[in-house]
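Structural overview
Chain residues, written in single-letter form:
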Amino acid sequence: GIEIENDNIQSLKNRKTICIKGYEDGVGKAKQVLQAIESLALDELDFLIFSADEDVVQFIGNSEYFRFKKVEIISRKFFLSNKSLVQKFGNCILYIGNSSSDGMPNSLLEAMGMGVFPIQSNPGNATVEVISSGINGYLIQNPDDSSEIANHILSALQNTSLLQDSMMHNTNFISENYNRAKLRDKIVSLYLTVLQT
């Protein structure tokens with residue numbers, strides 16, 4: 001389960017940050033996300049890039065587009081408490097995680113619980129369990145295709161009603177299914193059942 005930081009969930013009108021999972025390690029594909037954003041030349045948005053690998057940090061440093069944007073980079077080598085990261089999610093409008101191999105990313109669930117609209121790759125069909133593409137997020141079919149990612153980003157940002165509806169759906173869904181406080185008794189009961197057999 002995850003901790004829900006309800007006090008830090010901002011309204012949609014107060015969100016102007018895109019958060020990006022910064023893995024670029026052969027499996028993580030953050031550069032394709034950054035290339036997609038560069039191609040769109042988005043205005044009036046800030047960026048949070050967390051768990052950023054060194055290649056991603058260098059990409060940002062060499063980018064003409066990102067040079068003039070407000071970008072907070074949290075290196076993969078830097079420890080940031082989970083609570084602090086989840087609180088930051090409460091200010092984000094989009095969460096983008098892109099990988100060619102992954103299970104169910106905890107950060108995806110945490111972002112959804114904080115009302116962030118997810119755009120997430122779907123290797124192994126894990127994330128399709130929580131995202132219905134076009135309803136409460138978008139699924140990236142080809143993690144190497146920056147134009148597909150760009151289309152998802154633009155489509156989400158141009159559809160305020162989709163963002164608002166998904167915010168309500170995702171916060172409720174995560175609260176009901178992944179809230180640590182709600183799951184605690186069930187988990188303890190499962191352990192007790194295993195111990196008794």
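In what follows, the structure referred to is the one given above.
The notes below deal with the structure included here. None of these values were measured; they are calculated from a predicted model.

**Things to note about helix H5 (residues 106-113)**
Burial of H5 is extensive: seven of the eight residues sit out of reach of the surface. Among the residues of H5, those classed as buried are Ser107, Leu108, Leu109, Glu110, Ala111, Met112 and Gly113. In this structure, the buried residues of H5 make contact with strand E1 (17-21), strand E2 (46-52), helix H4 (82-89), strand E4 (92-97), strand E5 (117-121) and helix H7 (160-178).

**Description of a nonpolar patch on the surface**
The grouping of Val188, Leu192 and Leu195 at the surface amounts to a nonpolar patch, some 300 Å² of accessible area in total. Structurally, Val188 can be placed in helix H8 (residues 180-196). When its relative accessible area of 43% is taken as the criterion, Val188 is described as partly exposed.

**Considerations on the pairing of E4**
Summarising burial for E4: six of the six residues are buried, a large majority. Bridge count for E1 against E4 is four bridges, and the pairing is parallel. Pairing of Ile20 across the sheet is with Ile96, part of E4. Crossover connection from E4 via H5 to parallel E5: handedness right-handed.

**Some details on unusual backbone geometry**
With the exception of glycine, the majority of residues adopt a negative phi angle, and the majority of peptide bonds are in the trans configuration. Positive phi, close to 50 degrees, is recorded for Ala41, a residue that is not glycine. When you line up the elements, Ala41 lands in the loop between helix H1 (30-40) and E2. Of note, the phi angle at Ser51 is positive, near 55 degrees, even though the residue is not glycine. Relative to the elements of secondary structure, Ser51 occurs in strand E2.

**Notes on the pattern of salt bridges**
One pass over the full model with this rule turns up six salt bridges. When the shortest N-O distance is used, the salt bridge between Asp25 and Arg76 registers 3.2 Å. Highlighted residues: Asp25 in the loop between E1 and H1 and Arg76 in the loop between strand E3 (71-75) and H4, separated in sequence by 51 residues. Among the ionic pairs, Glu72 bridges to Lys88, the shortest N-O distance being 2.9 Å. Remark: Lys88 occurs in helix H4 and Glu72 occurs in strand E3; sequence separation between them is 16 residues.

**What to know about the state of the cysteines**
A complete count under the given rule lists zero disulfides for this structure. Free of any disulfide, Cys19 has its nearest neighbouring cysteine sulfur in Cys92, separated by 3.9 Å.

Procedures and definitions
- Residues numbered from 1 in each chain as written.
- Predicted model: local features only at pLDDT ≥ 70, side-chain atom pairs only at ≥ 80, totals over all residues.
- Heavy atoms only, no water.
- Buried < 20%, exposed > 50% of the residue type's maximum accessible area, 1.4 Å probe, protein only.
- Helix = DSSP H or I, 4+ residues; strand = E, 2+ residues; numbered from the N terminus.
- Contact = heavy atoms within 4.5 Å.
- Patch = residues over 30% accessible without salt bridge, like charges linked within 9 Å, V, L, I, M, F, W, Y side chains within 5 Å.
- Areas by Shrake-Rupley, 256 points an atom, 1.4 Å probe, with all protein chains shown as cover.
- Salt bridge = Lys/Arg side-chain N within 4 Å of Asp/Glu carboxyl O.
- Pairing = 2+ DSSP bridges.
- Right-handed = clockwise from strand over helix to strand, strands pointing away.
- Disulfide = S-S within 2.5 Å.

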